[in-house]
Amino acid sequence: MSGKSTALKLLGLGVLLAFPFIPFLSSEYVVHVAVLIMVYAVLAMGLNVLPGFCNLLDLGYVGFYGIGAYTAGILSLNYDMSFWIVVPLAAALGALCGVLRGAPTLRLSGDYFAIVTFGFTELVVLFLTNEIWLTRGPLGMPGIPPIDINLTWLGIDWRYDFLSETPYYYLGLLMVAFVYVVMCRIEDSRLGRAWLAIKEDPLAAASCGINLMVYKSVAFAFSAAVGALAGCFMARWSMFLAPDVFKFWESFLVLCMIVLGGLGNIKGAIVGSIVLIALGEVLRVVLPHFGLPTETRFLAYGLLMILIMRFKPGGFFPAIAATSKKSRLIMDLKARLQTERAG
Amino acid sequence: MFEQQLFNGLTLGLIYALIAVGYTMVYGVIELINFAHGEVYMFGAFLCVTFINSLGVPLFPAMVLAMALCALMGVSIDHIAYKPLRKAPRLAALITAIGVSIFLQNIAMIIWGSRPAPFPRAAVPQYFSEQAFTLGSVSVSGLQLFIYVLTTAMMIGLTLIINKTKVGTAMRALAQNATAAALMGINVNRVIAFTFALGSSLGAAAGILVAMYYNTMSATMGYNAGVKAFAAAVLGGIGSVPGAMLGGVVLGVAETLGAGYVSSQYRDGLGYAVMIAVILLRPSGLLGKSVGQKA
């Protein structure tokens with residue numbers, strides 16, 4: 001057991017050390033896929049907040065991804081705003097939308113929450129498709145400028161445009177590291193423990209003095225802001241947006257990532273995004289050989305979800321909380337309480 | 001004009017109701033949103049057309065065959081995907097249901113292609129496209145009349161099964177309290193399988209009717225219809241069969257009138273908006289009983 005975990009740690013360390021050098025060792029395509037993985041890793045970590053930390057199944061997460069991306073697209077194209085100003089604006093707007101979506105659903109849980117979030121993402125896509133004056137509708141938004149670092153406003157004559165994949169790679173790495181650290185800090189804070197309590201049993205948490213409304217709202221805002229951040233980065237990186245990108249399929253893909261990695265496990269979310277994006281790229285190459293459209297790769301994802309839930313309900317890296325001794329004690333207590341209540 | 005819209009909405013609503021009862025029955029007995037129900041509906045349409053096109057089966061036997069196969073499909077889905085998770089957390093079952101839905105949708109894409117396909121014109125009887133009769137300013141086509149008669153007959157049949165037969169009583173008992181029902185000697189898994197079979201065959205019938213009505217079908221058609229039918233089930237009060245029927249009709253009418261008078265682009269959005277509004281304002285729906293939170 002310990003030998004295995006040491007080997008795993010060494011492997012992880014090796015991957016971590018190799019990461020900064022990937023752009024020098026491989027092709028533009030590999031770097032592109034790596035950046036894609038980073039975008040999804042951020043999305044997965046952001047989504048993880050609701051189902052993973054609070055046990056609320058969010059099926060509309062890409063709605064915030066879309067809101068962030070379109071905010072970046074519109075502000076950068078029409079108002080020529082710098083990426084560095086757009087990011088906080090988009091994150092703030094995302095957080096606002098998250099609270100607005102969350103506020104009426106505070107009383108809901110389980111299936112009803114899932115279905116409301118599901119409706120939300122559809123409404124976002126409909127809005128993006130139909131409000132042509134703002135989003136150009138189905139035509140999409142081409143020509144979004146790349147990210148740049150511009151110091152002329154400081155009086156220094158220096159400007160750097162992100163014209164290849166490499167700078168995006170490093171910025172993406174920075175973004176993933178930032179979100180990861182923030183997530184870990186939060187998980188280990190008062191806020192994170194309040195969320196854990198809500199996840200285990202909302203009623204018990206409320207009776208222990210945890211204000212469900214406040215803590216859930218913070219979770220909604222935080223999760224949405226991270227999604228908007230990923231969207232912002234994606235818009236300026238891919239330089240093109242279309243409403244179709246933000247359909248339910250994407251929500252499902254991100255959900256697959258965190259379920260595969262283990263709901264509630266932050267590292268698991270990153271591993272899940274690496275595995276599924278890599279799998280997606282492989283299938284994208286393989287499927288056309290069998291005369292199948294690349295969309296059918298979701299077949300594999302669907303099957304994967306069914307199998308994981310059946311045989312590894314905690315994912316491949318179950319959240320520590322679910323296996324620790326303390327948590328087992330809580331589970332036992334809960335089970336006993338339930339039988340007493342039922343009887 | 002208004003009367004015609006209202007009537008068209010009613011036709012659509014009856015079809016939604018047919019799908020919605022499948023959702024609501026499954027939710028009633030195992031408390032799971034069966035996301036794959038929309039895919040069963042889609043398979044119904046494709047199987048029926050495949051029987052007609054490839055095997056030359058006439059329309060009505062093809063319908064019955066497709067419904068029977070979809071009933072089998074519903075039972076298999078439950079047996080393979082949901083049954084092992086009966087005691088698992090709700091989240092696991094819900095995620096599995098989404099997985100099944102995505103899986104089936106992609107299977108359909110592989111078998112029948114991802115582009116929309118037409119319903120075979122030649123198989124549809126001539127009198128379906130003709131005007132059957134006019135009622136004031138409303139003109140009713142043969143197909144609409146057929147949809148009316150068939151859906152109403154199915155609803156009546158379903159109500160009779162639920163209220164008058166032994167298995168229907170068992171279903172109601174299960175919806176009340178599964179443990180107590182099992183203690184009374186009800187074979188829980190058999191009743192659940194029956195529920196899936198019944199709901200899936202009605203869903204398949206709805207899929208065939210929609211494909212005929214709009215003369216088109218696609219591998220992704222189950223997605224939208226599924227959400228709308230679920231909205232209808234929620235609207236009427238999930239778990240309540242008469243509620244699902246009422247919810248379907250109300251949603252169909254609201255959608256058609258909304259598309260006609262407000263905005264046709266947001267036609268699909270109306271279903272979601274109605275659903276969200278109902279969940280927020282009256283979570284137990286129009287005919288649902290409000291239940292306390294289960295421990």
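Preceding this section is the structure that the text describes.
Residues numbered from 1 in each chain as written. Chains lettered and ligands numbered in written order. Predicted model: local features only at pLDDT ≥ 70, side-chain atom pairs only at ≥ 80, totals over all residues. Heavy atoms only, no water.

J.: Can you tell me about the overall build of chain B, naming the residues and giving the values?
T.: Looking only at helices and strands, one finds 12 helices and four strands in chain B. When its C-alpha atoms are laid out on the principal axes, chain B stretches across 55 × 45 × 35 Å. Buried residues in chain B amount to 57% of all 295 residues. Partitioning the intrachain contacts of chain B with sequence separation of at least 6 by distance along the chain shows that 76% fall at a separation of at least 24. (Helix = DSSP H or I, 4+ residues; strand = E, 2+ residues; numbered from the N terminus. Buried < 20%, exposed > 50% of the residue type's maximum accessible area, 1.4 Å probe, protein only. Contact = heavy atoms within 4.5 Å.)

J.: Go over empty space enclosed by the protein with me, naming the residues and quoting the values.
T.: Evaluated as defined, the whole model comprises one cavity of 30 Å³ or more. Its boundaries defined by the atoms lining it, the largest cavity holds a volume of some 130 Å³. Along the wall of the largest cavity there are 15 residues; nearest its centre are Phe 118 of chain A together with Tyr 23, Phe 35, Tyr 223 and Val 227 of chain B. Secondary-structure elements contributing two or more residues to the lining of the largest cavity are helix H6 (110-130) of chain A together with helix H2 (37-55), helix H4 (90-112) and helix H10 (221-236) of chain B. In terms of residue class, the lining of the largest cavity is built from nine nonpolar, five polar and one charged. (1 Å grid on protein atoms, 1.4 Å probe; cavity = no way out; pocket = protein on both sides within 12 Å on 5 of 7 lines; lining within 4 Å. Points joined across faces, edges and corners; volume = space filled by probe spheres on them. Nonpolar A, V, L, I, M, F, W, Y, C, P; charged D, E, K, R; others polar.)

J.: An account of the pairing of strand S3 (residues 138-141) of chain B is requested, with residue identities and associated values reported.
T.: Residue and element names in this part refer to chain B. Here strand S2 (residues 131-135) runs beside S3; their pairing, made up of four bridges, is antiparallel. Within S3, the residue paired with Gln 131 across the bridge is Ser 141. Counting the residues between successive antiparallel strands, the hairpin from S2 to S3 contains two residues, one of them, Gly 136, with a positive phi of roughly 65 degrees. (Pairing = 2+ DSSP bridges.)

J.: How would you sum up the packing of helix H6 (residues 142-164) of chain B against helix H7 (residues 166-176) of chain B? Please name residues and give values.
T.: Each pair of packed helices gets described by two things: the angle between the helix axes and the distance between those axes. All names here are of chain B. Packing of H6 against H7 brings their axes to within 5 Å, and their N-to-C directions diverge by 75 degrees. Put simply, H6 runs roughly perpendicular to H7. Taking contact as the criterion, the partners of Ile 161, Ile 162, Asn 163 and Lys 164 in H6 are, on H7, Lys 166, Gly 168, Thr 169, Met 171 and Arg 172. (Axes fitted to C-alpha atoms, helices over the stretch in contact; angles between N-to-C directions. Parallel < 35°, antiparallel > 145°, perpendicular 65-115°, else oblique.)

J.: Can you lay out the packing of H10 of chain B against helix H12 (residues 267-281) of chain B for me, pointing to particular residues and giving the numbers?
T.: All names here are of chain B. Contact pair H10 / H12: the axes reach a minimum separation of 9 Å and the direction vectors enclose 30 degrees. When the axis of H10 is compared with that of H12, the two are roughly parallel. For H10 against H12, the interelement crossing comes out left-handed. Facing Asn 224, Val 227, Lys 228, Phe 230, Ala 231, Val 234 and Leu 235 of H10, the residues of H12 in contact are Asp 268, Gly 271, Tyr 272, Val 274, Met 275, Val 278 and Ile 279. Here the residues of the contact of H10 with H12 sort into 10 nonpolar, two polar and two charged. (Left-handed = near helix turned anticlockwise from the far one by under 90°.)

J.: Residue-level account of a nonpolar patch on the surface, with values.
T.: Residues and elements named next belong to chain A. A cluster of nonpolar residues, Tyr 29, Val 30, Val 282, Val 285, Val 286 and Phe 290, forms a patch on the protein surface that exposes about 560 Å² of accessible area. Broken down by secondary-structure element, the contributors of at least two residues to the nonpolar patch are helix H3 (28-54) and helix H13 (266-286). For the nonpolar patch, the element with the most residues is H13, which contributes three residues. In this fold, Val 30 is placed in helix H3. Accessibility expressed as a relative area gives 36% for Val 30, which makes it partly exposed. (Patch = residues over 30% accessible without salt bridge, like charges linked within 9 Å, V, L, I, M, F, W, Y side chains within 5 Å. Areas by Shrake-Rupley, 256 points an atom, 1.4 Å probe, with all protein chains shown as cover. Salt bridge = Lys/Arg side-chain N within 4 Å of Asp/Glu carboxyl O.)

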